[in-house]
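Architecture at a glance
Take a look at the letters that make up each chain.
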Amino acid sequence: MLKNIPPILGPDLLAILRAMGHGDEIAIVDANYPADGAGPVLVRLDGVSATDVLDAILTLMPLDDFVDEAAICMQVVGNASQREPVMDEFDAIITKHEPGMKLASLERFAFYERVAKGYAIVQSGERRLYGNILLKKGVIRPQG
């Protein structure tokens, strides 16, 4: 155990977050997501909600403020403007850690393609539909 690090972030995920560079992307996906064959390295957090994973990751990882969309969810099939409750929770968590940033969305198959090109995937135990989010890593600026 370490101080100030959420306990759901195990050594494999911590190593990934540390190794990622500015602009690299990590996806947090739900239990239904076809993650195993998607391409990037996969970390499983069965039994943990996607919102808890997002909150834990954003305690350590900054989002990219050089782009317009640093946090992107998957659009609801057939209704791109529909917001599922899990998306509202994602948005609230983003605002808590990165005030001023908002959740964007991407069409389902475009989301799959973008995740496949990412750095890593964290498969949560999230059972709510559309519990998927892609995060673009930002920079830690010098202090002082």
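This section reports on the structure supplied with the text. (Residues numbered from 1 in each chain as written. Predicted model: local features only at pLDDT ≥ 70, side-chain atom pairs only at ≥ 80, totals over all residues. Heavy atoms only, no water.)

**Some words on the packing of helix α2 (residues 50-58) against helix α3 (residues 85-97)**
What counts, and what does not: In this analysis, axes come from line fits to C-alpha atoms, helices being fitted only over the stretch in contact, and the angle between any two N-to-C directions falls in the range 0 to 180 degrees. Numbering of helices and strands starts at the N terminus; helices are DSSP runs of H or I of at least 4 residues and strands are runs of E of at least 2. Oblique is the label for any angle not covered by the other classes, which are roughly parallel (under 35 degrees), roughly antiparallel (over 145) and roughly perpendicular (65 to 115). Handedness of a crossing is defined here by the sense of rotation of the near helix relative to the far one, left-handed for an anticlockwise turn of less than a right angle and right-handed for a clockwise turn. The contact rule is simple, with two residues in contact once any of their heavy atoms fall within 4.5 Å. Here the nonpolar group is Ala, Val, Leu, Ile, Met, Phe, Trp, Tyr, Cys and Pro; Asp, Glu, Lys and Arg are the charged ones; every other residue, Gly included, is treated as polar.
α3 packs onto α2 with a crossing angle of 15° between their chain directions and a minimal axis gap of 10 Å. On the basis of the axis angle, α2 is roughly parallel to α3. With respect to the hand of their crossing, α2 and α3 are arranged in right-handed fashion. Packed against α2, whose contacting residues are Ala-50, Thr-51, Leu-54, Asp-55 and Leu-58, the element α3 presents Val-86, Glu-89, Phe-90, Ile-93, Ile-94, Lys-96 and His-97 at the interface. Split by residue class, the contact of α2 with α3 holds 7 nonpolar, 2 polar and 3 charged.

**A few points about the packing of aromatic side chains**
Note the cut-off: Any pair of Phe, Tyr and Trp rings, taking the six-membered ring for Trp, is counted once the centres come within 6.5 Å. Such a pair is stacked with planes under 30 degrees apart, edge-to-face with planes over 60 apart, and tilted for the rest. Burial here depends on accessible area, computed with a 1.4 Å probe over protein chains only, as a share of the maximum for the residue type. Under 20% is buried, over 50% is exposed, and the range in between is partly exposed.
Taken as a whole and judged by the stated rule, the model has 3 aromatic pairs. Centre to centre, the rings of Tyr-33 and Phe-111 are 6.3 Å apart; their planes meet at 75°, and the pair counts as edge-to-face. With Tyr-33 in the loop between β1 (25-29) and β2 (41-45) and Phe-111 in helix α4 (residues 108-116), the pair connects residues that are 78 residues apart, well separated along the chain. Residue Phe-111 is classed as buried on the basis of its relative accessible area, which comes to 0%.

**Some remarks on the pairing of strand β5 (residues 120-124)**
Condition: When DSSP finds two or more bridges between two strands, those strands count as paired.
Burial runs high along β5: 5 of the 5 residues are buried. Burial of β5 is two-sided: the residues Ala-120, Val-122 and Ser-124 facing one way and the residues Ile-121 and Gln-123 facing the other way are all buried. Judged from the 4 bridges that link them, β1 and β5 form a sheet pairing that is parallel. Note on β5: the bridge partner recorded for Val-29 is Gln-123. Taken together, the 5 bridges between β2 and β5 define a ladder with parallel strand orientation. Considered in β5, the bridge of Val-43 is made with Val-122.

**Concerning the nonpolar core**
The criterion, for reference: Put simply, a nonpolar core is a bunch of buried Ala, Val, Leu, Ile, Met, Phe, Trp, Tyr and Cys residues held in one set by side-chain atoms that sit within 4.5 Å of each other.
Among the nonpolar cores identified, the biggest contains 46 residues, and Ile-26, Ile-57 and Leu-135 are the most heavily contacted of them. Looking at which element gives the most residues to this core, the answer is α2, with 6 residues.

**A few points about unusual backbone geometry**
In the Ramachandran plot, Asn-4 falls in the positive-phi region, its phi being about 65° despite a non-glycine side chain. By the element assignment, Asn-4 lies in the segment before α1 (11-19). On the basis of relative accessibility, which here comes to 75%, the residue Asn-4 falls in the exposed class. Of note in this structure, Tyr-130 is not a glycine but carries a positive phi near 65°. With respect to the helices and strands, the residue Tyr-130 is situated in the loop between β5 and β6 (133-136). In this structure Tyr-130 comes out as buried when scored by relative accessible area, which is 16%.

**So, α2**
Within α2, 7 of the 9 residues are buried, leaving the element largely enclosed by the surrounding structure. The inward-facing, buried residues of α2 contact α1, β1, β2, α3, β5 and β6.

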